[in-house]
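Examining the three-dimensional arrangement
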Amino acid sequence: MPENYRRKGQLALTLLAASLITSAALAQDVPVASDAPSTPTVPAVNSDIDAPLFYQLLVGEIELTSGQPGVAYQVLLDAARRTGDEALFKRVINIALQARAGDQALIAAKAWRDATPASMEAQQMTIQLLAVMNRPAEVVEPLRAMLANTPSAQRPALLASLPRLFQRAAEPKKVYAALTPVLQDAARQPDTRTVALIVQARLALSAGEAAEALRLTQEVAKAAPEADDAMQLALELMATQPESESLIISRLQAQPDNFALRLAYGRALARTQRASEAVREFSTVTKAQPTNAPAWFALGTLELDLRHHEAADVALRQYLQLIPAATTPGNDDTALTEARQQTWLMLAQAAEQRGDLKGAEAWLLKVDAPARRLDTQFRRASLLARQGKLDQGRKLIQALPEETTDEIRAKLMAESQLLRDARDWKGALDVLAKANEKFPDDADLIYEQSMMAEKLGRVDEMEALLKRVIALKP
């Protein structure tokens, strides 16, 4: 033992010994000046820790508190190996993780497994560390051991946790290749067949093996016709494996009242640019469930995209009626507030589409979220410009706060865009010139200024500005 360890240990042991001696003396019949009533003596409980182990643990903790986690790790790992104590192994792994020493944490976890092969915690810790360290090939052995030691009723949950464990894996193909043999074995067992197929399909999808993921999903649908996981996989596969849609259609034919699936199917159709079919599904849900707020919102969003402004207005108004009323000081639901603000913006867009500019502005006036202030004011300014009130629209944008450089830049860009939309090239150029005075090294602003100079036929000015852009760009 190095001299500095011995010195620290001796000091601590000396203090401990002094404390024990004092305690022993007080336990004798020594008179004490106190009027407090005596209490019954509690029998001492002796520890199983012997002196060498106590000394080793003490040294390890002292080194840790002294800023020497590497030394503490070595000392305490040796103690853990000698005793096989699981709490001590956890302590060692925690020390390594706090020091960001993943390899050392894994060494300790493997030592824990060797010391207590039946420990589920040791197997689980080893698997988790291997997953984080992107070493999926090494997961197979502890995973098989853990499955063997897990009661049959709990094995499905263990397998189901694997996709989440590897969801951030850098090389999903290696994860899929490594775990497939284990999952294939599990799929041969009645109690784990369905979940093993689902996990294998999800890992295949993550690995880019869409065709194999579809095949496995089809097996799941046959093995467990009621399984929601198969439908979720089929929905995710629709974009690349059109055959997966037949699984969803079959389920909806068998369960026409499965509105959650129908709503998800409609969203998948919308993602694949099949708008009219998506509208059909959303409409089916709203007719059968008039109080289904998400269905009304989905329908309104899609109708707006299709420029069906009247249908969008009806659906979005219905959605507003179904979501709770405005938040109160005791009911500050951020997500709900955001949903309401977004819906007002969409209703303003629907009103604008049908030419009701005043109605659009009325909806925009309701939007008061600070994060949407610039977008809302720009849209109000655009409405005013379309009514021949360009100067009034500019004043709306100019009145926005300028507390940060980002806000100043955003205001100037918004004003220049308003002028460009109105085809006022000279006004836009002047605003951009002002912006470039404030931000002389902003290449994007200089480029925008050059485009306005081109619109006005100022070729020399445009070329000079483009040279500045080239000089600023790396």
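Structural data are supplied above this passage.
Below: a short report on this structure. Just so we're clear, the structure is a prediction, and the values are computed from it rather than from any experiment.

As a further point, take the overall build of the protein. Check the secondary structure of the protein and you find 26 helices and zero strands. Counting across all 474 residues of the protein, residues that qualify as buried make up 41%. Counting every atom, the protein has about 26400 Å² of accessible surface; 54% of that belongs to carbon and sulfur.

Let's shift gears to the packing of helix H3 (residues 69–83) against helix H5 (residues 102–115). Helix-helix packing is characterised by the crossing angle of the two axes and by the distance between the axes. At their nearest, the axes of H3 and H5 sit 10 Å apart, and the two run at 10° to each other. In terms of orientation, H3 lies roughly parallel with respect to H5. From H3, Tyr73, Leu77 and Arg81 reach across to H5, where they touch Gln104, Ile107, Ala108 and Ala111. Of the residues assigned to the contact of H3 with H5, the class counts are five nonpolar, one polar and one charged.

With that out of the way, let us pick up the nonpolar core. Ranked by size, the top nonpolar core spans 106 residues in total, and within it Leu143, Leu159, Leu162, Phe166, Leu179 and Ile248 carry the most contacts. For this core, the element with the highest residue contribution is helix H19 (residues 334–353), accounting for nine residues. Not counting chain neighbours up to four residues away, the residues in contact with Leu162 comprise Leu143, Leu179, Leu183 and Val199. Membership of the second largest hydrophobic core comes to 19 residues, among which are Phe378, Leu390, Ala414 and Phe439.

Our focus in this paragraph is the side chain of Glu361. Its location among the elements puts Glu361 in helix H20 (residues 357–366). On the basis of relative accessible area, Glu361 is assigned to the buried category, the value being 17%. In this structure, Glu361 is in contact with Arg380 and Leu383, ignoring residues within four places of it in sequence.

This next bit is on H20. Along H20, the residues that are buried comprise Leu357, Gly359, Ala360, Glu361, Trp363 and Leu364. Buried residues belonging to H20 abut helix H18 (309–322), H19 and helix H21 (373–386).

Taken as a whole and assessed by the stated rule, the structure comprises two aromatic pairs. For the ring pair Phe89 and Trp112, a centre distance of 6.3 Å and an interplane angle of 5° mean the geometry is stacked. Remark: Trp112 occurs in helix H5 and Phe89 occurs in helix H4 (residues 86–98); sequence separation between them is 23 residues. Look at Phe297 and Tyr319: their rings are 4.9 Å apart centre to centre, the planes differ by 50°, and that puts the pair in the tilted class. Pair noted here: Phe297 is in helix H17 (residues 293–305) and Tyr319 is in helix H18, with a separation of 22 residues, a long-range link. Look at Tyr319 and you get buried, because its relative accessible area is 10%. We note Lys455 situated over the ring of Trp425; from NZ or CZ to the ring centre the distance is 4.8 Å.

About the criteria used
Residues numbered from 1 in each chain as written. Predicted model: local features only at pLDDT ≥ 70, side-chain atom pairs only at ≥ 80, totals over all residues. Heavy atoms only, no water. Helix = DSSP H or I, 4+ residues; strand = E, 2+ residues; numbered from the N terminus. Buried < 20%, exposed > 50% of the residue type's maximum accessible area, 1.4 Å probe, protein only. Areas by Shrake-Rupley, 256 points an atom, 1.4 Å probe, with all protein chains shown as cover. Axes fitted to C-alpha atoms, helices over the stretch in contact; angles between N-to-C directions. Parallel < 35°, antiparallel > 145°, perpendicular 65-115°, else oblique. Contact = heavy atoms within 4.5 Å. Nonpolar A, V, L, I, M, F, W, Y, C, P; charged D, E, K, R; others polar. Core = buried A, V, L, I, M, F, W, Y, C linked by side-chain atoms within 4.5 Å. Phe/Tyr/Trp six-rings, centres within 6.5 Å; stacked < 30°, edge-to-face > 60°. Lys NZ or Arg CZ within 6 Å of the ring centre and 35° of its normal.

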